[in-house]
Amino acid sequence: MSLTLSEVISLLERRGQIQYGMEAINQLEHALQCADLAENAGETPEIVVASLLHDLGHLLVETRDEQQMQKTKQDDLHQYIALPFIRSLFPAAVLEPIRMHVDAKRYLCLIDPSYWASLSAASKHSLEQQGGVYNVAEASAFIAQPYAAESVRLRRYDDLAKVPAKAVPPLSYYNSHLNKVVLKSA
Ligand SMILES: [Fe+2]
């Protein structure tokens, strides 16, 4: 089930043309913008890589029918799908922000009143599928977890990484980041 680093890169190259949710950009553009925002914010290579790979689960789902998912109000649980495939490749500092980036949206909607209003229509729609806004107890439990703060920052980059035709560095730019954070035993 594990992927090699070159298989992860080729997955982004081969399947990155899939539309990003209901937005006007594709998955690879979204991933590259997210990683670029993280790097420009001064994040560690681990968070830059987590930002690049946070939606890898979408690319691993073979036949995903977006319209059908919206209609039946299903949540695709993409934040969990990629983890078994990359667990042996990366440390927790990469894996945990990926795992928690959907819950981070539920957290931010509670603690930041302007955050919900700033979400796109598609993102508001998926919030309901993902369990809705956290209550106070749920939010406290969430933010107490290791890497929760990192996942909240990743979430903010994620939400901004939806600009059609934005110029950002290519995938090959991140080879050095990936090689820096990959587990040496992988
Ligand atoms: Fe995303």
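Shown above is the structure to which this text applies.
Quick notes on the rules
- Residues numbered from 1 in each chain as written.
- Predicted model: local features only at pLDDT ≥ 70, side-chain atom pairs only at ≥ 80, totals over all residues.
- Heavy atoms only, no water.
- Donors = N, O, S within 2.8 Å, 3.2 Å for Na, K, Ca; no water.
- Tetrahedral: all angles 85-135°; square planar, octahedral: opposite > 155°, others 65-115°.
- Buried < 20%, exposed > 50% of the residue type's maximum accessible area, 1.4 Å probe, protein only.
- Helix = DSSP H or I, 4+ residues; strand = E, 2+ residues; numbered from the N terminus.
- Phe/Tyr/Trp six-rings, centres within 6.5 Å; stacked < 30°, edge-to-face > 60°.
- Lys NZ or Arg CZ within 6 Å of the ring centre and 35° of its normal.

Novice: Looking at this structure, I do not really get the coordination of the iron ion. What am I missing?
Specialist: Each angle at a metal carrying four tetrahedral donors should ideally be 109.5 degrees, and each at a metal carrying six octahedral donors should ideally be 90 or 180 degrees. Around the iron ion, the protein contributes the donor atoms H30 (NE2), H54 (NE2), D55 (OD) and D158 (OD), which lie 2.2 to 2.3 Å from the metal centre. Around the iron ion, the 4 donor atoms are arranged such that angles at the metal cover 78 to 170 degrees; this shape is classified as irregular. A residue is classified by how much of its surface remains accessible, and H30, at 1% relative accessible area, is buried.

Novice: I'm lost on unusual backbone geometry in this one. Help?
Specialist: Trans peptide bonds make up most of the peptide bonds, and negative phi angles are found at most residues other than glycine. Residues other than glycine seldom take positive phi values, yet Y147 does so here, at roughly 70 degrees. According to the relative accessible area criterion, Y147 is partly exposed, its value standing at 29%. The phi dihedral of A165 is positive, around 60 degrees, even though this residue is not glycine. Following the sequence through the fold, A165 ends up in the loop between α12 (148–160) and α13 (175–181). On the basis of relative accessibility, which here comes to 75%, the residue A165 falls in the exposed class.

Novice: Please explain the packing of aromatic side chains as it appears in this structure.
Specialist: Any aromatic ring pair is given by two values, namely how distant the centres are and how the planes are angled relative to each other. Evaluated as defined, the whole model comprises 3 aromatic pairs. Where Y107 meets F142, the ring centres are 5.3 Å apart and the plane angle is 40 degrees; that geometry is what we call tilted. Of this pair, Y107 sits in helix α8 (residues 92–111) while F142 is found in helix α11 (residues 136–143), placing the two residues 35 residues apart along the sequence. Using a relative accessible area of 12% as the deciding quantity, one classes Y107 as buried. Geometrically, the ring pair formed by Y173 and Y174 is edge-to-face, given 4.9 Å between the ring centres and 90 degrees between the ring planes. On the accessibility criterion, Y173 (37% relative accessible area) is partly exposed. An aromatic cluster of three or more residues is present, and its members are Y107, Y134 and F142. In this arrangement the basic side chain of K124 is found over the ring face of W116, its NZ or CZ atom lying 4.3 Å from the centre.

Read these as spatial facts, not as claims about activity.
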